[in-house]
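Listed below, chain by chain, are the residues.
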Amino acid sequence: MRPGPPAQTGSIAMLKYTTRRLGLAIFVMIGVIAATFIIGNIVPGDPARLAAGPHAGPEQVAKLRHEYGLDQPLPVQFVRYVTRLVHGDLGRSITSYRPVARDIAEYLPATIELALWAALLTVIMGIPLGVLSAVRRNGAVDLSSRLVALLGVTMPAFWLGLILQVVFFRGLGWLPAGGRIDAFITLPPRLTGFIVFDSVLAGNWAAAASALQHLILPAVTLAFGSVSVVTRMTRATMLEVLREDYVRTARAKGLAARVVIYKHALRNAMVPIITVVGLQVGYLLSGVFYVESIFGYPGLGTYTIRAITSLDFSGILGSTIVVALVYLVINLIADLSYPLFDPRINVQ
């Protein structure tokens, strides 16, 4: 996208732009699949031996290797995988012995639920804090937010997670240390896989409260770094916009400070902020891998780490493809939302 005159046929231009981006996304996905497949297969180790177990004989290992096609040349394996992938088949896990698509469908909702709450925290905390820092530059709020932002970009997430567990679980006893819901709570019927949402739909408020309690610590851990990045970007962009002539004009006309800041300044500062938020959502999806491990959260990150340690190539590939696809979709949505905040931007 680039600034320019208003599009004469906006809907057609938007359709062409979306089609072009989808085409590029397909090439990106092919590259991700090829790179992950090659790297996964050149890593030393024998997944058939690991899957068969330490007491399996050579014949059993060879049978398992043939069953999963691991005895075929690498190009043949890749062509077969892509052919199955086109038909929606992500292969079969050698650890769960189930289709990978079924495994991902079971684990992915937990990860998306965690990432959504972390993204919500990022937006509702990062943008207002950045605006306040810019409006009250060098004041107490600005200095505090800059200090918090500095901590967020320098403190490792695994360290923050451990500190939160020590303080809020072991010390205060306010929040659970891990898991997705208390063991004694009856789970709601699975409709979407999002426990909070399913619990609300089923009227199971005890399950909803328990699931929310289990989300707080991992969501804060996951979002802390992203809040810092969004706060810094919002502050820097707002400082630049607040120096523009049209903002001075709005103030000279006697408009209320709230109108000047939120209607004139923030709206014109939203394009770079949206870009950063979109990138941070991708970071949140990749960051759930270690956050889920710290908190014992049964999501896609936990599944992928188990697949990596077991050399379960189908599981690794399936998880990578799904995360890459979600990341591309989120960034496409962010790109398409630019004209909503800045009408000067068209897609031609």
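Here is a short report on the structure shown in this document. (Residues numbered from 1 in each chain as written. Predicted model: local features only at pLDDT ≥ 70, side-chain atom pairs only at ≥ 80, totals over all residues. Heavy atoms only, no water.)

Turning our attention to the environment of W159. By the secondary structure assignment, W159 is in helix α7 (residues 157–171). Through-space distance from the C-alpha of W159 to that of I294 is 9.6 Å; in sequence the pair is 135 residues apart. (Helix = DSSP H or I, 4+ residues; strand = E, 2+ residues; numbered from the N terminus.)

For the rest of this paragraph, the subject is unusual backbone geometry. Even without being glycine, Y97 reaches a positive phi, approximately 60°. Mapping Y97 onto the fold places it in the loop between α4 (74–86) and α5 (100–135). The exposure class assigned to Y97 is partly exposed, which follows from its relative accessible area of 42%. (Buried < 20%, exposed > 50% of the residue type's maximum accessible area, 1.4 Å probe, protein only.)

Across the interface, α5 lies against helix α6 (residues 140–154) with an axial gap of 8 Å and an inter-helix angle of 135°. Relative to α6, the element α5 lies oblique. At the point where α5 passes α6, the crossing takes the left-handed sense. Counted together, L129, L132 and S133 of α5 and V141, D142 and S145 of α6 form the full contact between these two elements. The residue inventory of the contact of α5 with α6, partitioned by class, reads three nonpolar, two polar and one charged. (Axes fitted to C-alpha atoms, helices over the stretch in contact; angles between N-to-C directions. Parallel < 35°, antiparallel > 145°, perpendicular 65-115°, else oblique. Left-handed = near helix turned anticlockwise from the far one by under 90°. Contact = heavy atoms within 4.5 Å. Nonpolar A, V, L, I, M, F, W, Y, C, P; charged D, E, K, R; others polar.)

Right, let's talk about a nonpolar patch on the surface for a bit. On the surface, F158, W159, L162, I163, V166, V167, L172 and W174 cluster together to form a nonpolar patch covering roughly 790 Å² of accessible area. Of note, L162 is situated in helix α7. (Patch = residues over 30% accessible without salt bridge, like charges linked within 9 Å, V, L, I, M, F, W, Y side chains within 5 Å. Areas by Shrake-Rupley, 256 points an atom, 1.4 Å probe, with all protein chains shown as cover. Salt bridge = Lys/Arg side-chain N within 4 Å of Asp/Glu carboxyl O.)

Looking at the element boundaries, H214 is found in helix α9 (residues 205–241). Contact partners of H214, with chain neighbours within four places excluded, come to P176, G178, G179, R180, I181 and D182. For H214, the side chain forms a polar contact with the main-chain oxygen of S210, separated by 2.7 Å. (Polar contact = N/O pair within 3.5 Å; in protein donor to acceptor, adjacent residues only side chain to side chain.)

Below, the discussion takes up helix α11 (residues 257–295). Given 3.6 residues per helical turn, the α-helix brings residues three or four places apart onto the same face. Between the first and last C-alpha of α11 there are merely 44 Å, a value that for 39 residues lags more than 12% behind the 57 Å anticipated at 1.5 Å per step. Maximum bend of α11: about 50°, positioned at L266. Phi for G296, located one or two positions after α11, is positive at around 55°. (Expected span 1.5 Å × (residues − 1). Bend = angle between axes of the 7 residues up to and from the residue.)

Counted according to the given criterion, the structure contains four aromatic pairs. Their ring planes at 65° and their centres at 5.2 Å tell us that F37 and F78 sit as a pair that is edge-to-face. Of this pair, F37 sits in helix α1 (residues 10–42) while F78 sits in helix α4, placing them 41 residues apart in sequence. Owing to a relative accessible area of 26%, F78 belongs among the partly exposed residues under this scheme. Ring plane angle 40° and centroid distance 6.1 Å describe the contact between F37 and Y81, whose orientation is recorded as tilted. Of this pair, F37 sits in helix α1 while Y81 sits in helix α4, and the two are 44 residues apart along the sequence. Assessed through its relative accessible area of 3%, Y81 is described here as buried. Counting every residue linked through ring pairs, the aromatic cluster contains F37, F78 and Y81. (Phe/Tyr/Trp six-rings, centres within 6.5 Å; stacked < 30°, edge-to-face > 60°.)

Here the structure, examined in full by the defined rule, presents seven salt bridges. A salt bridge links R146 to D142, with the shortest nitrogen-to-oxygen separation between them at 3.4 Å. Residue R146 and its partner D142 are both found in helix α6; the two are separated by four residues, about one turn of the helix. With relative accessibility at 38%, the residue R146 sits in the partly exposed group.

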